[in-house]
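Structure at a glance
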Amino acid sequence: MKFLSILFLLVFNLFGAETMDVSQKPKADLESVAKHAIKFGTGNASDVYVFIDPLCKYSRELMKKIEANKMLQLSNTYYIFLYRLPRLESEKIMQYILESADPKATLIEIMIDEETVELKNFEAKESTVKALQEIASVAATLDMTQRPYMISFDKDSKYCRVSEGTASCLEELE
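Values in this document were obtained by computation on a predicted structure and should not be read as measured data.

Rules used throughout
Residues numbered from 1 in each chain as written. Predicted model: local features only at pLDDT ≥ 70, side-chain atom pairs only at ≥ 80, totals over all residues. Heavy atoms only, no water. Phe/Tyr/Trp six-rings, centres within 6.5 Å; stacked < 30°, edge-to-face > 60°. Helix = DSSP H or I, 4+ residues; strand = E, 2+ residues; numbered from the N terminus. Buried < 20%, exposed > 50% of the residue type's maximum accessible area, 1.4 Å probe, protein only. Lys NZ or Arg CZ within 6 Å of the ring centre and 35° of its normal. Salt bridge = Lys/Arg side-chain N within 4 Å of Asp/Glu carboxyl O. Pairing = 2+ DSSP bridges. Axes fitted to C-alpha atoms, helices over the stretch in contact; angles between N-to-C directions. Parallel < 35°, antiparallel > 145°, perpendicular 65-115°, else oblique. Contact = heavy atoms within 4.5 Å.

Things to note about the packing of aromatic side chains
In this description, an aromatic ring pair is defined by two values, namely the gap between the centres and the angle between the planes. Here the structure, examined in full by the defined rule, presents 7 aromatic pairs. Ring centres of Y49 and F153 lie 6.1 Å apart, and the angle between their planes is 75°; this geometry places the pair in the edge-to-face category. With a gap of 104 residues between them, Y49 in strand β2 (residues 46-52) and F153 in strand β4 (residues 149-154) connect regions that are remote in the sequence. Residue classification places Y49 among the buried positions, given a relative accessible area of 1%. Residue F153 is classed as buried on the basis of its relative accessible area, which comes to 3%. By the ring-pair criterion, three or more aromatic residues cluster together here, those being Y49, F51, Y79, F81, Y83, Y149 and F153. Stacked on the ring of F40, the Lys or Arg K104 has its end atom at 4.7 Å from the ring centre.

What to know about the pattern of salt bridges
On inspection of all chains with the given rule, the structure shows 7 salt bridges. Two residues, D47 and K27, come together in a salt bridge whose shortest N-O distance is 3.8 Å. You can see D47 sitting in strand β2 and its partner K27 sitting in helix α2 (residues 25-32), a full 20 residues away along the chain. What makes K27 buried here is its relative accessible area of 18%. Residues E114 and K64 are paired through a salt bridge, measuring 2.9 Å at the closest nitrogen-oxygen approach. Of the two residues, E114 sits in the loop between α6 (103-112) and α7 (126-141) while K64 sits in helix α3 (residues 57-68), which places them 50 residues apart along the sequence. For E114, a relative accessible area of 44% puts it in the partly exposed group. Salt bridges sharing partners connect three or more residues here, namely K27, E31 and D47.

A word on the pairing of strand β3 (residues 76-82)
Most of β3 sits inside the fold, with 7 of its 7 residues counted as buried. What you see with β3 is no split at all: N76, Y78, I80 and L82 on one side and T77, Y79 and F81 on the other are buried throughout. Pairing of strand β1 (residues 38-40) with β3 involves 3 bridges; the strand directions are antiparallel. The residue bridging I38 from the neighbouring strand is I80, located in β3. Across 7 bridges, β2 lies against β3 in parallel orientation. Within β3, the residue paired with F51 across the bridge is F81.

Notes on the packing of helix α5 (residues 91-99) against α6
Look at α5 against α6: their axes get within 7 Å of each other, and the N-to-C directions meet at 140°. Here α6 runs oblique to α5, going by the angle between their axes. Residue-level contacts link I93, Y96, I97 and L98 of α5 to P103, T106, L107 and I110 of α6.

Structure (structure tokens):
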């Protein structure tokens, strides 16, 4: 009887997972890691999920534009995720930003003000490493290769816009 109950729950979970509309999967994945994001803006016209590498010059340029344009921040909410480019050694700086007392201010200092930080004796907490792994896991499902990478969901729309490649929320349009 116990075996049948477990089997029934397993089958129920399997079918339950498949009932999610494919177009909603990226948004659900992104919302699952939103607690690890650094938020800019309070607008509700669009939720924009941005993956950046703090050492990437293009990510820095984008962050400068987002920070400088207060009108964008009034109309959109930006969820900034730290996600390392393989060619850059930015793991420690990402950990440092997330562990700081004010991650948003630290991100601005490092990426926009271009302040240098001494990380020689810095050791990240296990929770920070886990958070970055969760972000990387979601990023891997989006098949991104460049930074910055943006995926935007307009209010009341089931479709998204992406900065590179395709996402499953666009498949119905193809």
